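Working through the structure, step by step
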Amino acid sequence: MTDQAYNFAYLDEDTKRMIRRAILKGVAIPGYQVPFASREMPMPYGWGTGGVQVTAACLTPEDTLKVIDQGADDTTNAVSIRRFFQRTADVAVTEHTRDATLIQTRHRIPEEPLTEDQIMVFQVPIPEPLRFLEPRETETRKMHELSDYGLMHVKLYEDIAKNGHIATAYDYPVMVEEHYVMSPSPIPRFDNPKLDRSPALMLFGAGREQRIYALPPYTKVRSLDFEDHPFEASKADHACDLCGAEDSYLDEVIVDDAGGRMFVCSDTDHCAGRRAAGHVGRLGAGTEDVK
Amino acid sequence: MTDLQMTRPLFSVRDLEKRYGARIGCTGVSFDLYPGEVMGIVGESGSGKSTLLGCLAGHMAPDAGTIAYDGRDVLAMSEPERRRMARTDWAFVHQNPRDGLRLSVSAGGNVGERLMAVGGRNYGKIRDTATDWLGRVEIAADRIDDRPSAFSGGMQQRLQIARNLVTGPRLVFMDEPTGGLDVSVQARLLDLIRGLVRRMGLSAIVVTHDLAVVRLLADRLMVMKGGRVIEAGLTDQVLDDPQHAYTQLLVSSVLQV
Ligand SMILES: Nc1ncnc2c1ncn2[C@@H]1O[C@H](COP(=O)(O)OP(=O)(O)OP(=O)(O)O)[C@@H](O)[C@H]1O
Ligand SMILES: [Mg+2]
């Protein structure tokens, strides 16, 4: 039952309209950060209030919602956001990527390819990719306007100078349609290629920083790099110990006090689906509840 | 007529004026700068030197006048055009290296930024060029990964110069490039700047309090007072035979600005 004290999906209609206008503007200018008047949500900022507001503005009663955090549907953050929308919008929820029409996420893009019928909503802590090198908002705005991105490569240069290779593993900056450099949010760079020409609409919401940006379906997204240090969508050099997948992003899990460890799919739905279909990894038998 | 004047000026300024409300920042400034020529701007504090330099370099908009660079009307350019030109053809050396450097970025990254801004995408080449430039400004190659916050004032200023000259600009603006440094460090830096300017055939506009700086660097000199140019000419001529009473005061050891 929808809690009658709230409007559908918690936000009032005026606020949702305002957010939708920002989303539409973002869709019209892929990768451009649109300011919006972020509202107080009944959860702290670190919990993805930007994503929650975007989701609230997009949800319809017919939607099926999936919420993931670090690839999993059952972490506290994912559970509480999912419950929030069950309570305030009474929408159907699912853990299956395939069945979801709207997926709110922190840290991951599902392994299963997305479709034109789906919307991905990303929770973004810091939308400005240039922020750490150029704190002045007036300057970064100019840089975006003029596509003046030497500074972004300075960041990668520093990375190589220090580590011998591009060590940026999360929130790896991308160039959108050869105009705007964009923060993909703290997804692993393994997921960056999934942004490129995705059939799904991708929306990014930053609550504290009050920014929304978007990648409409089939937008060209290129990860920045150097000729002699090309971008690589790296992952741990293992197969999933539960389902045997060799091409999915893995988390390293400590399994006992003796330093024993295993690698498992970070996308729990993907892993469970593969196991249900009979795939078995190195430690797959009898370790169903390891995550 | 000198050889210089037979070629086309690189930079032409006419009747430039900048006001701060009712106060004059600078007014009625006109000059031509020829390729390979260095012009000094001297004058007491508040005479309008920084205001003029800021207008010339595009950091602030003048209220009247025209500026042409290489035959193009600078003030009529769109902002993207002007910014592109400012990072390929021009350079600006700030008095305080902290204003012209990124202190949280390594020396190599500071030098490499302009290369990357104009499309440099080969890490190895960028690093080689940065190493070469550190050498040219007498910074040891093994400091390439250090942050400039760990450098002395003189080193920071040399790094700022390398960062600015790495893309081979044609016109360099400098505001008190040796200000705030010890006398011995100043002399060495001036020598370095002079060598680079001559070797690269740069045109430069140098603002300074210090007549020793103009004597060493500048082919020509403009003396400013109250926002106006009161005397201009070849450096040696102006310094050895000043016409204006104020300039006479300035060059006499009595008045040390
Ligand atoms: N931002 C400003 N607002 C108002 N007046 C200003 C501003 N900047 C400069 N002025 C005034 O314009 C005049 C010229 O100042 P400017 O800074 O160009 O002189 P300067 O020759 O560079 O002096 P200094 O040698 O001290 O650096 C002065 O009267 C100064 O007070
Ligand atoms: Mg000044």
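The shown structure was predicted, so the numbers you read here are calculated from the model rather than taken from an experiment.

Here is what the cut-offs are and how they apply
Residues numbered from 1 in each chain as written. Chains lettered and ligands numbered in written order. Predicted model: local features only at pLDDT ≥ 70, side-chain atom pairs only at ≥ 80, totals over all residues. Heavy atoms only, no water. Helix = DSSP H or I, 4+ residues; strand = E, 2+ residues; numbered from the N terminus. Buried < 20%, exposed > 50% of the residue type's maximum accessible area, 1.4 Å probe, protein only. Contact = heavy atoms within 4.5 Å. Buried area = accessible area lost by both parts, 1.4 Å probe. Salt bridge = Lys/Arg side-chain N within 4 Å of Asp/Glu carboxyl O. Polar contact = N/O pair within 3.5 Å; in protein donor to acceptor, adjacent residues only side chain to side chain. Nonpolar A, V, L, I, M, F, W, Y, C, P; charged D, E, K, R; others polar. Domains from an automatic or database assignment. Pairing = 2+ DSSP bridges. Axes fitted to C-alpha atoms, helices over the stretch in contact; angles between N-to-C directions.

The next thing to look at is the environment of A:Asn163. Residue and element names in this part refer to chain A. Secondary-structure assignment places Asn-163 in helix H5 (residues 150–163). For Asn-163, a relative accessible area of 37% gives the class partly exposed. Linking Asn-163 and Asp-117, residues 46 residues apart in sequence, is a C-alpha distance of 41 Å.

The next point concerns the interface of chain B and chain A. Tallying the contact residues gives 22 residues for chain B and 20 residues for chain A. Of the roughly 1,900 Å² buried between chain B and chain A on both sides combined, carbon and sulfur atoms contribute 55%. Contact with chain A buries surface across chain B, with B:Arg83, B:Arg121 and B:Tyr123 losing the most and accounting together for 38% of the total. At the surface where chain B touches chain A, the tally comes to five salt bridges. Residue A:Lys142 is joined to B:Glu79 by a salt bridge in which the shortest nitrogen-to-oxygen separation is 3.6 Å. Run the count over chain B and chain A and you get 13 residue pairs in polar contact (both at pLDDT 80 or more). Among the elements of the structure, helix H2 (79–88), helix H4 (107–117) and helix H5 (123–136) of chain B are those that each provide at least two residues to the side of chain B that touches chain A. Broken down by element, the side of chain B that touches chain A gets its largest block of residues, five residues, from H4(B). Here the residues of the side of chain B that touches chain A sort into seven nonpolar, seven polar and eight charged.

To continue, consider the domain arrangement of chain A. Residue and element names in this part refer to chain A. Along its sequence, chain A is organised into domain 1 (13–223) and domain 2 (235–281). Just the C-alpha atoms count here: the centres of domain 1 and domain 2 sit 26 Å apart. Contact with domain 1, which involves 14 residues of that partner, is made by ten residues of domain 2. At the surface where domain 1 touches domain 2, the tally comes to zero salt bridges.

Moving on, we come to the sheet that holds strand E7 (residues 171–175) of chain B. All names here are of chain B. With mixed pairing, six strands are arranged side by side in an open sheet as E6-E7-E8-E3-E9-E10. Strands with a single pairing partner mark the edges of an open sheet, and in this sheet they are strand E6 (90–93) and strand E10 (228–234). Taking each pair of neighbouring strands and ignoring which way they run, the sheet shows an average axis angle of 15°. Of the pairings in the sheet, the one linking strand E3 (residues 38–43) to strand E8 (residues 203–208) comprises five bridges and is parallel in character. The partner of Ile-41 across the bridge, within E8, is Val-207. The strands touched by helix H6 (residues 153–165) within the sheet are E6 and E7, with E6 carrying the most contacts at an inclination of about 170°.

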